[in-house]
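Structural features, examined
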Amino acid sequence: MAKKYNIAVIPGDGIGQEITSAAIEVLEAASSRNNIEIFTKELTAGGAAIDKFGLPLPQETIGGAKDSDAVLLGAVGGPKWDTVEPELRPERAILGLRSGLGLYANIRPVVIHEGLEAASPLKNPGKIDFIIVRELTGGIYFGKNGVYQSGDRLPDGTVKGKIAYDTEVYSEGEINRILKIAFDLAMKRRKKLTLVDKANVLVSSRMWRNLARQMSFDYPDVELECLYVDNAAMQLISRPSSFDVIVTSNLFGDILSDEAGQIVGSIGMLPSASIGEEGKPGLFEPIHGSAPDIAGQNRANPLGTILSAAMMMRIMFGEEEVAYSIENAVRKTLASGLRTGDITFVGDSNNVKLVGTAEITKAVIENL
Ligand code: IPM
Ligand code: MG
């Protein structure tokens, strides 16, 4: 009997529709070859939901996501919604989904694909293969924030001039559970873990560092390295191939993963998996944004989303064969010279061909 998986698909805004459709096409093709049936249900979130329902994350969307086996998301946001209330911004949908589904661990593999070396801004990128484990439901993204108006009375005096604030807050529990995921992952790989923090300045970072050192006693085979985030940003460029697993807070992980995306040729290539409690649906999405400037023009790179679907099959369902077949098809497609605009570059060899979203998706399916 065929296995069945129910996938909630949230296209979102901008190029979201094109890239999620592409990924579902590939996923269905790869799954059917392995006697797996994929059922999809489309849900609305982000700017699209603001336009339709007046809010970025309708109850029906969060409910539908919870009822699914896994969620595939495109991207949200765009200049069209830049003027809406902060609490109604499209990005709130992503944050609401992550916290609503309890997805505290964001896994972002960073791999340089064969043939894309020249698309990297680095002269000799070498073999790059590391994973960023980003804490996803804590830190400054979810800490207390607000605005004090001039004249507001506070216990320690009256506010002079407007003040805005955000706070970086982490509990031991939040840090330990993400550290454990990172240490376990390092054990399955090259056994090297880099903690990225700002422990020379931030109190919360010092707690991260202490807890990481404590946990490393339980993992004597894992080499633990601790870097300040400014230094890490530099080391990612000077010695990218020496990293194996990087674990860090929500904000630092957000920043470093965009940098990592560029190092391997294009942010359009990077997939991600957000996971939480065992047995609950995970969320799978490319790390890039909604690229409204190229939306609907058949120019978006769907590979980050296609690779996110592969991660879904592996991590959520243990379907290693399907995951591998998708990843291998992407490799073959790139090796054959097909490129979307974001991964073409000056000086490309003749064998490289610029194609659109639809063409590269078709090629991936043929290469399955
Ligand atoms: C990401 C994005 C999101 C984030 C935005 C859209 C809220 O940049 O997934 O990296 O900051 O986490
Ligand atoms: Mg980001």
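Let me begin by describing the structure that accompanies this report. A quick note: this is a predicted structure, and the numbers were derived from the prediction, not measured. (Residues numbered from 1 in each chain as written. Chains lettered and ligands numbered in written order. Predicted model: local features only at pLDDT ≥ 70, side-chain atom pairs only at ≥ 80, totals over all residues. Heavy atoms only, no water.)

So, on to the site of ligand 1. Every residue near ligand 1 is listed here: E91, R98, R108, R134, Y141 and D254. At 2.7 Å, a side-chain N or O of R98 approaches an oxygen atom of ligand 1. Contacts to ligand 1 include R108, whose side-chain N or O atom sits 2.8 Å from an oxygen atom. Computed on the free molecule, ligand 1 has an accessible area of 320 Å², of which 78% lies beneath the protein chains in the complex. Here the residues of the shell around ligand 1 sort into 1 nonpolar, no polar and 5 charged. (Near = heavy atom within 4 Å. Polar contact = N/O pair within 3.5 Å; in protein donor to acceptor, adjacent residues only side chain to side chain. Areas by Shrake-Rupley, 256 points an atom, 1.4 Å probe, with all protein chains shown as cover. Nonpolar A, V, L, I, M, F, W, Y, C, P; charged D, E, K, R; others polar.)

Here the focus is the side chain of S290. By the element assignment, S290 lies in the loop between strand 14 (282–284) and helix 9 (303–316). At a separation of 2.7 Å, a polar atom in the side chain of S290 contacts the main-chain carbonyl oxygen of G77. Ignoring any residue separated from it by four or fewer positions in sequence, one finds S290 in contact with D13, G14, I15, A75, V76, G77 and G78. (Helix = DSSP H or I, 4+ residues; strand = E, 2+ residues; numbered from the N terminus. Contact = heavy atoms within 4.5 Å.)

A grouping of F53, L55 and L88 is seen on the molecular surface, where their side chains present a nonpolar patch of about 230 Å² in accessible area. Relative to the elements of secondary structure, L55 occurs in the loop between helix 2 (47–53) and helix 3 (59–67). By relative accessible area, L55 is classed as partly exposed at 34%. (Patch = residues over 30% accessible without salt bridge, like charges linked within 9 Å, V, L, I, M, F, W, Y side chains within 5 Å. Salt bridge = Lys/Arg side-chain N within 4 Å of Asp/Glu carboxyl O. Buried < 20%, exposed > 50% of the residue type's maximum accessible area, 1.4 Å probe, protein only.)

Turning our attention to the pattern of salt bridges. Applying the stated criterion across every chain yields a total of 19 salt bridges. Notably, a salt bridge pairs D129 with R189, separated by 3.3 Å at the nearest N-O pair. Taken together, the positions of D129 in strand 5 (residues 129–135) and R189 in the loop between helix 5 (172–188) and strand 10 (192–197) put the pair 60 residues apart, joining distant regions of the chain. The class of D129 is partly exposed, set by a relative accessible area of 22%. Between R134 and D254 there is a salt bridge, with its nearest N and O atoms 3.9 Å apart. Here D254 lies in helix 8 (residues 250–263) and R134 lies in strand 5, a separation of 120 residues in the sequence. Within this structure, D129, R189, R190 and D244 form a network of salt bridges that share partners.

So, about the layout of surface pockets. A volume near 630 Å³ is recorded for the largest pocket. Every residue lining the largest pocket is counted, 21 residues in all, and those nearest its centre are I107, L185, K188, I275 and I315. Broken down by secondary-structure element, the contributors of at least two residues to the lining of the largest pocket are strand 5, helix 5 and helix 9. With 4 residues, the top contributor of residues to the lining of the largest pocket is helix 5. Its residues assigned to classes, the lining of the largest pocket shows 9 nonpolar, 3 polar and 9 charged. As a volume, the second largest pocket reaches approximately 460 Å³. Lining the second largest pocket are 18 residues; nearest its centre among them are P109, V111, R314, E327 and R331. Residues that form the lining of the second largest pocket fall into these classes: 12 nonpolar, 1 polar and 5 charged. (1 Å grid on protein atoms, 1.4 Å probe; cavity = no way out; pocket = protein on both sides within 12 Å on 5 of 7 lines; lining within 4 Å. Points joined across faces, edges and corners; volume = space filled by probe spheres on them.)

Here we come to the sheet that holds strand 10. Taken together, the 10 strands give an open sheet; going across it, the order is 2-1-3-14-13-4-5-12-10-11, and neighbouring strands pair in mixed fashion. Whereas interior strands pair on both sides, the edge strands pair on one side only; in this sheet they are strand 2 (36–42) and strand 11 (223–228). Taken over all neighbouring pairs, the strand axes of this sheet differ in orientation by 25 degrees on average, direction set aside. Across 2 bridges, strand 13 (residues 273–275) lies against strand 14 in antiparallel orientation. Across the sheet, residue A273 finds its bridge partner in strand 14, namely F284. (Pairing = 2+ DSSP bridges. Axes fitted to C-alpha atoms, helices over the stretch in contact; angles between N-to-C directions.)

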